[in-house]
Amino acid sequence: MARRCEICGKGTVAGNSVPRKGQAKKHGGVGQHIGVTTKRVFRPNIVSVKTLVKGTPRTIKVCTRCLRSGKIEKLV
């Protein structure tokens, strides 16, 4: 089951988790030290919504941004 929006195609994106130690210079410290970066995953907010697709009720996976912006009409 793919974690992808069926309207806009938004899916998971890989990135880095960057640990920082120390206080920033602009806050009165001596500067920050960047630790070892490790991989992490940014996951979209996907919900299953029952809606009409070509006149028939179907359950599709939609990101909450598409749902909020009105790109899909929710069946109640």
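The paragraphs below set out a description of the structure included in this document. (Residues numbered from 1 in each chain as written. Predicted model: local features only at pLDDT ≥ 70, side-chain atom pairs only at ≥ 80, totals over all residues. Heavy atoms only, no water.)

**Some words on the pairing of strand E5 (residues 46–53)**
Where E5 meets strand E6 (residues 56–63), eight bridges bridge the pair, whose relative direction is antiparallel. From the neighbouring strand, Thr51 faces E6, where its bridge partner is Arg58. Adjacent in sequence and paired antiparallel, E5 and E6 are bridged by two residues, among which Lys54 carries a positive phi angle near 55 degrees. (Pairing = 2+ DSSP bridges. Helix = DSSP H or I, 4+ residues; strand = E, 2+ residues; numbered from the N terminus.)

**Section: a positive patch on the surface**
Residues Lys10, Arg65, Arg68 and Lys71 make up a contiguous surface patch of positive charge. Mapped onto the elements, Arg68 comes out in helix H1 (residues 64–69). (Patch = residues over 30% accessible without salt bridge, like charges linked within 9 Å, V, L, I, M, F, W, Y side chains within 5 Å. Areas by Shrake-Rupley, 256 points an atom, 1.4 Å probe, with all protein chains shown as cover. Salt bridge = Lys/Arg side-chain N within 4 Å of Asp/Glu carboxyl O. Lys, Arg positive; Asp, Glu negative; His and termini not counted. Charge placed at Lys NZ, Arg CZ, Asp CG, Glu CD.)

**Some points on the environment of Pro19**
By the element assignment, Pro19 lies in the loop between strand E1 (13–17) and strand E2 (20–21). On the basis of relative accessible area, Pro19 is assigned to the partly exposed category, the value being 41%. In the structure, Pro19 is positioned 23 residues away from Phe42 in sequence and 16 Å away in space, judged by C-alpha atoms. Dropping the residues within four chain positions of it, Pro19 is found in contact with His33, Ile34, Gly35 and Val36. (Buried < 20%, exposed > 50% of the residue type's maximum accessible area, 1.4 Å probe, protein only. Contact = heavy atoms within 4.5 Å.)

**So, the side chain of Lys61**
Following the sequence through the fold, Lys61 ends up in strand E6. It turns out Lys61 is buried and unbridged, and the closest side chain with the opposite charge, Glu6, is 5.3 Å from it.

**Details of the side chain of Thr51**
Residue position: Thr51 is located in strand E5. There is a polar contact of 2.6 Å between the side chain of Thr51 and the backbone oxygen of Glu73. For Thr51, the contacting residues outside a window of four places in its chain are Thr56, Pro57, Arg58, Ile60, Ile72, Glu73 and Leu75. (Polar contact = N/O pair within 3.5 Å; in protein donor to acceptor, adjacent residues only side chain to side chain.)

**As for the environment of Arg40**
Here Arg40 lies in strand E4 (residues 38–42). When its relative accessible area of 36% is taken as the criterion, Arg40 is described as partly exposed. Along the chain, Arg40 and Gly28 lie 12 residues apart, while their C-alpha atoms are 31 Å from each other. Setting aside residues up to four positions removed in sequence, Arg40 forms contacts with Val13, Ala14, Gly15, Asn16 and Ser17.

**Quick look at the pattern of salt bridges**
Taken as a whole and judged by the stated rule, the model has one salt bridge. Between Glu6 and Arg58 there is a salt bridge, with the nearest N and O atoms lying 3.9 Å from each other. Remark: Arg58 occurs in strand E6 and Glu6 occurs in the segment before E1; sequence separation between them is 52 residues.

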